[in-house]
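Structural overview for review
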Amino acid sequence: SYAGVFFTEARVRDKLWVSELLLVDFSGQINSFYVSLTGYQEMSRYSLGWSVTAATFCSCHSLLLTAGGPDHPLTGKSRLVGRASHAGIVALRLLNDSPHYVELLDAEEQSVLTSRAWLPALPFLSSTPIQDFITKLSISSCGSRLAVLHQSGTLSVWLIPSLVLESSTRLEEQPLHDECNPQLLQAPERRRAKGEFLSNPLKYHPVGVAWWNSESVVLARISGALTVLGVQDLTNMLGDSPEFLEGVPRISQCFQKGFFGLECDSVVRGRRPSCREESAGEDPDVELEVESDDDDDNWLSLGKRSAAALAYYVTDSERFAPPKKKAKI
């Protein structure tokens, strides 16, 4: 699976091709293809040498930004405190010729990578990497800022292309982070969904980030809450309370003061016993199918279906065709 899929025209030189497609998978492999209206051609392959948890592409600077996984050799190194690589962020510049990518690392970071190549991975020699891995990356439309979501719920903002940390806001410091959907809390028929939500230790963590403009970001949380926070003052542009989407939402990048929000809702199906007494205490959140206990009706309907199927097989007449099943989504 892929951590990021991007289109760019930075390296397209032949009019035969419309664009270049960049594919960054979670193993750290980067594949690119020239694409046209009629076909495609592989352009390059590149391996970072470590896993990736998130990726984004900055078209303004032709930079591919990646966030490293637990095997990232620079993450958490004490010598790199204050650098983006300490958090696992590495920028790659696109090149027209082989090797097609160059990692933008300073001398200190290169030194750490070089020592990793010959130094054996001994527990008492290697530092313990941080566990607050990055889950989402988002570039502002002007290409000047990078918004980063961390596993702990922290939101950090970095300047591009220098990758200097501008701000870092922990989960508990984010305004309205612990707001709950009132429709979920006040609906008595959704007590199971309410119980599952309240028992989730990550219920207030952000799962999506996008730039509303160059000075504010949209945050989507597991709770379904949507807020538009200013980077400098952290005020919610939507008012005193967030907006809510159903389930755990997914948001797109913003365009002309808007964005797409995908509501994700789950329905559990089960079977309801025929007697009302046996169904007492059933959770109303669960949609149940009623199963008939009338054996005579079952045998009669089975016989009718069998006869109709046989007649349809022999005559091929639409009169005896079985009813079409409705697709369930």
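Since we're looking at a predicted model, the values are computed, not measured.

**Considering the pattern of salt bridges**
- Considering all chains together, one arrives at 8 salt bridges under this definition.
- One salt bridge in this structure joins R11 and E20, with 2.5 Å as the shortest N-O distance. The pair R11 / E20 is uniform in exposure class, with both members buried.
- The network of salt bridges with common partners includes R145, E166 and E215.

**Considerations on the sheet that holds strand β7 (residues 89-94)**
- With respect to topology, 4 strands assemble into an open sheet ordered β5-β6-β7-β8, the strand pairing being antiparallel. Single-partner strands in this sheet number two, and they are β5 (52-58) and β8 (101-103). The sheet shows a mean angle of 25 degrees between the axes of neighbouring strands, taken without regard to direction.
- For β7 and β8, the ladder comprises 3 bridges, and the chain directions are antiparallel. From the neighbouring strand, L94 faces β8, where its bridge partner is Y101.

**A short note on the sheet that holds strand β4 (residues 40-47)**
- Spatially, β1-β2-β3-β4 is the arrangement adopted by the 4 strands of the open sheet, whose pairing is antiparallel. The open sheet has two edge strands with one neighbour each: β1 (2-8) and β4. Going from strand to strand, the sheet's axes swing by 15 degrees on average, the running direction of each strand aside.
- Sheet topology note: the strand β2 (residues 19-25)/strand β3 (residues 29-35) ladder contains 6 bridges and is antiparallel. Its bridge partner lying in β3, L23 is registered against N31.

**Some words on unusual backbone geometry**
- In this structure, the amide linkage connecting S98 to the following residue, P99, adopts the cis form with an omega of 10 degrees.
- Along the chain, the position of P99 falls in the loop between β7 and β8.
- The residue after I160, namely P161, is reached through a cis peptide bond having omega 10 degrees.
- For P161, the position within the fold is in the loop between β11 (155-159) and β12 (164-169).

**Comments concerning the packing of aromatic side chains**
- Using the criterion set out here, one finds 7 aromatic pairs in the structure.
- Plain terms: the ring middles of F255 and F260 are 5.2 Å apart, the flat faces sit at 40 degrees to each other, and that makes the pair tilted.
- According to the relative accessible area criterion, F260 is exposed, its value standing at 59%.
- The ring of Y101 is capped by R11, whose NZ or CZ atom sits 4.8 Å from the centre of that ring.

Cut-offs and rules
- Residues numbered from 1 in each chain as written.
- Predicted model: local features only at pLDDT ≥ 70, side-chain atom pairs only at ≥ 80, totals over all residues.
- Heavy atoms only, no water.
- Salt bridge = Lys/Arg side-chain N within 4 Å of Asp/Glu carboxyl O.
- Buried < 20%, exposed > 50% of the residue type's maximum accessible area, 1.4 Å probe, protein only.
- Pairing = 2+ DSSP bridges.
- Helix = DSSP H or I, 4+ residues; strand = E, 2+ residues; numbered from the N terminus.
- Axes fitted to C-alpha atoms, helices over the stretch in contact; angles between N-to-C directions.
- Phe/Tyr/Trp six-rings, centres within 6.5 Å; stacked < 30°, edge-to-face > 60°.
- Lys NZ or Arg CZ within 6 Å of the ring centre and 35° of its normal.

From the geometry alone we can't say anything about function, so treat these as descriptive.
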